[in-house]
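Descriptive analysis of the structure
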Amino acid sequence: MDSSGDSPDESKKPNKGRSKTPRKTKESLLKQKSPAEFFAENKNIAGFDNPGKSLYTTVRELVENALDSAESISQLPDVEIIIEEITKSKFNTMIGLVDRERVDEELYDDFESAKAREKRLAKEARTQEIQAKNLSLKKKLKETPVIKSGKGRGEASFFKVTCKDNGRGMPHDEIPNMFGRVLSGTKYGLKQTRGKFGLGAKMALIWSKMSTGLPIEIVSATREQSYVSFCRLDIDIHRNIPHVHLHEKRENKDKWHGAEIRIIIEGNWTTYRSKIIHYMRQMAVITPYAQFLFKFISDLADKNVTIRFTRRTDVMPPAPLETKHHPSAVDILLIKRLIAETSKQTLQQFLQHEFINISKSYAERLIGEMGPDFSPKMSVKSLTSQQIVRIHQLFRQAKFDDPSGDCLSPAGEYNLRLGIIKELQPDMVATYSSSAQVFEGHPFIVEAGISLGGKDVKQGLNIFRFANRIPLLFEQGADVVTRTATKKINWSTYKINQMQDRIGVFVSIVSTKVPFKGTGKEYIGDDITEISSAVKSAIKQCCVQLRSKIVKKLQARERQERKRNLTRYIPDASRAIMDVLEEIAQNYEAKRQCYNKEDVELLTKVASQEITETTFQENLSQYVEQVDYEMALEYAAQSGVTEEPREAIYLNSLEGGSYNYIDLRSPVFIFRLIT
């Protein structure tokens, strides 16, 4: 054991040891990241690219969670969203930080040296000189560019975002995990969901921790609870577990149910103001049965915003249902997971109960086709990896019935039409809802609406896109709806001017799997033939309806123009007729035998001034009015409009109480029979 007795061979061992050291070091460098840590480092994936986009995404996630919560208990949603601006000074006071005056100005990113300031002022002076010269020459003035004095982000802006709903609420004990553990939630499963990543407010909490370090506050109550749960927490990003500051039960005097979430984040209202308001407006279009109250509160009164999107109907779409997987839409990994989770014992039972559109007889046929190593009674848990691959291969090659769309919950043609009318107030609107179709084993439904005219609608095409009943506002140019509307529809065929008319194009796609493109999941590509064809067909169906309305409107306009023209020429025609008759009356005695009795009577009245130019004008005017009235009646009969003037009818909704009813649905109305 004495080191002095080492042999020459043994003296070389340390070199061998040193050669192994790098491998040990590499092994020790292997680390794991928690889901929360991954999304914190890649926050742009979830829509938190910058402070402005983060504020928008936070609002979107909270609003969509509120809608899901209310719809899950068939409660008409009442959602209140408030954004309160917090200055840096107020934020520092909240966290107990004392503001300090700058000591070394050159240290700051927005520092402007004397030379840079002189250069900027000279540039501004030249710009003003050019504008004054153009003004004297009566030339059109260009908008003065904003010259930034610094290159940094500038002062940080903080906002307190509060979202309150009247939904299901959350069980007291589950609140910490529902907000403080990423990739845990209630929306996982094969069904139509509003969420894109299953993150919801969790990502907003991560952004809050990254930008302000402050916790989130949750107030919640369920219908069954006699108390209100209050929880203040943040998230341990490295361990992906909630860090609870306070979790307690409070008195629920008002028997309120729902959730109220309060979170403080860094954001930018100035750059994303229009996006947030546009999102709320589009959400009001696709969910006219919901009521939204949106407020922005600032210390500057002129920046304050209050918008109420009122409820237009109490008819809600049915809740989406969880469904089983279609055999053609599964992969090997999913088959293995289903085998591990199934309660069925045999292969036949597994195929019959874990997948849709596989009956008992068809399961037996499939098993017979798999080969001699398979039997209906064999244990599904005993399947080898090779056998699972064989099942997967057969699933891809075999013929299966398409899945139905019963599990889907589209907005409904009636709700879509109401939403468009309520928010845009167009001159014309047409809607269409397709039957369920299939891509890659997943059912989907396309709903479309086309409007002409309306408030706040620009000339040309105005595209409004929805996926699983949520608005898509970014990356519009690459979306299947945009490309179809701009490149695959010949609008002139339907009497619509693509460049001059104010056209609103609304397309909503719902599916158990929306094929989003890009990391942000903000658009649907046009590379899936089934979806692209369905979108094109739905838009065309709306255009056909509009063409019929436009043609009738053009015909009515032509009649009005014809009436105006006839009326305009009545004086000239009357004068010309009268001149001819007066000339004939002077010479008719010589040719009396050439006229019949009626002609003689007319000429006699002309000669005696019983019939004058005014008489002809009055009779021609009456005739034009009579013809116009008859044509109007014919038009009304064709378009289904009665002769009587129409008056608005207002029906009061039934508030409170329990009653049974049957809804008879139509694309343009719902008749509710109270029993």
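Residues numbered from 1 in each chain as written. Predicted model: local features only at pLDDT ≥ 70, side-chain atom pairs only at ≥ 80, totals over all residues. Heavy atoms only, no water.

- Per an unreviewed UniProt entry, the chain goes by the name DNA topoisomerase 6 subunit B and belongs to Canna indica.
- Under the Catalytic activity (unreviewed entry) heading, UniProt states for the chain: "ATP-dependent breakage, passage and rejoining of double-stranded DNA."
- Taken directly from UniProt, the Function (unreviewed entry) text for the chain runs: "Component of the DNA topoisomerase VI involved in chromatin organization and progression of endoreduplication cycles. Relaxes both positive and negative superturns and exhibits a strong decatenase activity. The B subunit binds ATP." (UniProt positions renumbered as here; feature names shortened; annotations may be inferred.)

What to know about the nonpolar core
- In terms of nonpolar packing, the biggest core is built from 67 residues, with Val63, Ile83, Phe179, Trp269, Phe292 and Phe294 touching the most fellow members.
- The element that contributes the greatest number of residues to this core is helix α9 (residues 269-286), accounting for 10 residues.
- Beyond its immediate sequence surroundings of up to four residues, Phe292 is in contact with Val63, Leu67, Val79, Met280, Met283, Ala284, Thr287, Ile307, Arg308 and Phe309.
- Membership of the second largest hydrophobic core comes to 35 residues, among which are Val446, Ala448, Leu472 and Val505. (Core = buried A, V, L, I, M, F, W, Y, C linked by side-chain atoms within 4.5 Å. Buried < 20%, exposed > 50% of the residue type's maximum accessible area, 1.4 Å probe, protein only. Helix = DSSP H or I, 4+ residues; strand = E, 2+ residues; numbered from the N terminus. Contact = heavy atoms within 4.5 Å.)

Examining a nonpolar patch on the surface
- Taken together, the side chains of Ile662, Leu664, Phe671 and Leu673 present a nonpolar region at the surface, about 370 Å² in accessible area.
- Counting residues per element, the ones that place at least two in the nonpolar patch are β17 (661-665) and β18 (670-674).
- By the element assignment, Ile662 lies in strand β17.
- Relative accessible area serves as the criterion here: at 44%, Ile662 is assigned to the partly exposed category. (Patch = residues over 30% accessible without salt bridge, like charges linked within 9 Å, V, L, I, M, F, W, Y side chains within 5 Å. Areas by Shrake-Rupley, 256 points an atom, 1.4 Å probe, with all protein chains shown as cover. Salt bridge = Lys/Arg side-chain N within 4 Å of Asp/Glu carboxyl O.)

A closer look at the packing of aromatic side chains
- Under the counting rule described, the total for this entry stands at 14 aromatic pairs.
- Taking the centre distance of 6.3 Å and the plane angle of 40° together, the rings of Tyr272 and Phe474 count as tilted. Placement of the pair is Tyr272 in helix α9 and Phe474 in the loop between β13 (470-472) and α15 (480-487), with a sequence separation of 202 residues.
- With a centroid separation of 5.5 Å and an interplanar angle of 90°, the aromatic rings of Phe350 and Phe355 are classed as edge-to-face.
- Ring-pair connections join several aromatic residues into one group, and the members of that group are Phe350, Phe355, Tyr362, Phe395 and Phe400.
- Over the face of the ring belonging to Trp256 we find Lys164, whose NZ or CZ atom lies 5.6 Å from the ring centre. (Phe/Tyr/Trp six-rings, centres within 6.5 Å; stacked < 30°, edge-to-face > 60°. Lys NZ or Arg CZ within 6 Å of the ring centre and 35° of its normal.)

Concerning the sheet that holds strand β1 (residues 78-86)
- The mixed open sheet is built from 8 strands, whose spatial order is β5-β4-β3-β6-β2-β1-β7-β8. Of all strands in the sheet, those with a lone pairing partner are β5 (241-251) and β8 (305-309), marking the two edges. Across this sheet, the average inter-strand angle for adjacent strands is 15°, counted without regard to direction.
- Pairing of β1 with strand β7 (residues 291-297), which is carried by 7 bridges, proceeds in the parallel orientation. Directly across from Ile81, in β7, lies its bridge partner Phe294.
- Along the sheet face, helix α4 (residues 51-71) touches β1, β2 (157-165), β6 (258-267) and β7 and points at about 10° away from the line of β2. (Pairing = 2+ DSSP bridges. Axes fitted to C-alpha atoms, helices over the stretch in contact; angles between N-to-C directions.)

Some thoughts on the pattern of salt bridges
- The full count for this structure, using the stated rule, is 23 salt bridges.
- Between Arg239 and Asp236 there is a salt bridge, and its shortest N-O distance comes to 3.7 Å.
- Residue Asp236 is classed as partly exposed on the basis of its relative accessible area, which comes to 23%.
- Where Asp479 meets Arg465, a salt bridge forms, and the shortest distance between an N and an O atom there is 3.1 Å. With Asp479 in the loop between β13 and α15 and Arg465 in strand β12 (residues 460-467), this residue pair connects regions lying 14 residues apart in the sequence. Taken as a pair, Asp479 and Arg465 share a single burial class, namely buried.
- Overlapping salt bridges, with partners in common, bring together Arg60, Glu61, Glu64 and Glu522 in one network.

Things to note about a positive patch on the surface
- A cluster of basic residues, Lys115, Lys119, Lys123 and Arg126, forms a positive patch at the surface.
- Tracing the chain through its elements places Lys115 in helix α6 (residues 114-136). (Lys, Arg positive; Asp, Glu negative; His and termini not counted. Charge placed at Lys NZ, Arg CZ, Asp CG, Glu CD.)

Quick look at the environment of Phe506
- Structurally, the position occupied by Phe506 is in strand β14 (residues 502-511).
- On the basis of relative accessibility, which here comes to 1%, the residue Phe506 falls in the buried class.
- With 58 residues separating them along the chain, Phe506 and Ala448 place their C-alpha atoms 5.4 Å apart.
- Once residues lying within four places of it in the same chain are set aside, the contact partners of Phe506 are Val285, Ile420, Leu424, Glu447, Ala448, Gly449, Ser451, Phe464 and Phe466.

Topic: the packing of α4 against α9
- Here α4 crosses α9 at 20°, and the two axes come no closer than 8 Å. One finds that α4 runs roughly parallel with respect to α9. Handedness of the crossing formed by α4 with α9: right-handed. Across from Gly52, Lys53, Leu55, Tyr56, Val59, Arg60, Val63, Glu64 and Leu67 in α4, the residues of α9 making contact are Trp269, Thr271, Tyr272, Lys275, Ile276, Tyr279, Met280 and Met283.
- Class assignment for the residues of the contact of α4 with α9 results in 11 nonpolar, 2 polar and 4 charged. (Parallel < 35°, antiparallel > 145°, perpendicular 65-115°, else oblique. Left-handed = near helix turned anticlockwise from the far one by under 90°. Nonpolar A, V, L, I, M, F, W, Y, C, P; charged D, E, K, R; others polar.)

Section: the state of the cysteines
- Enumeration according to the criterion identifies 0 disulfides in this entry.
- Residue Cys542 stays outside any disulfide, its sulfur separated by 6.9 Å from that of Cys543, the closest cysteine.
- The exposure class assigned to Cys542 is buried, which follows from its relative accessible area of 0%. (Disulfide = S-S within 2.5 Å.)

Re the packing of α4 against helix α8 (residues 201-211)
- It is at 9 Å that the axes of α4 and α8 come closest, and there the two elements cross at 145°. In this structure, α4 crosses over α8, and the sense of that crossing is left-handed. Between α4 and α8, the residues in contact are Pro51, Ser54, Thr58, Leu62 and Asn65 and Ala201, Ala204 and Trp207, respectively.
- Across the contact of α4 with α8, the residue classes tally to 5 nonpolar, 3 polar and no charged.

Observations regarding unusual backbone geometry
- Non-glycine residue Asp456 carries a positive phi angle of around 55°.
- Structurally, the position occupied by Asp456 is in the loop between β11 (442-452) and β12.
- Unusually for a residue other than glycine, Asn468 sits at a positive phi of about 50°.
- When you line up the elements, Asn468 lands in the loop between β12 and β13.

Quick look at the side chain of Thr484
- Structurally, Thr484 can be placed in helix α15.
- The exposure class assigned to Thr484 is buried, which follows from its relative accessible area of 0%.

Some points on the pairing of β1
- Here 7 bridges tie β1 to β2, and the two strands are oriented antiparallel to one another. Following the sheet pairing, Ile81 is matched in β2 by Cys163.

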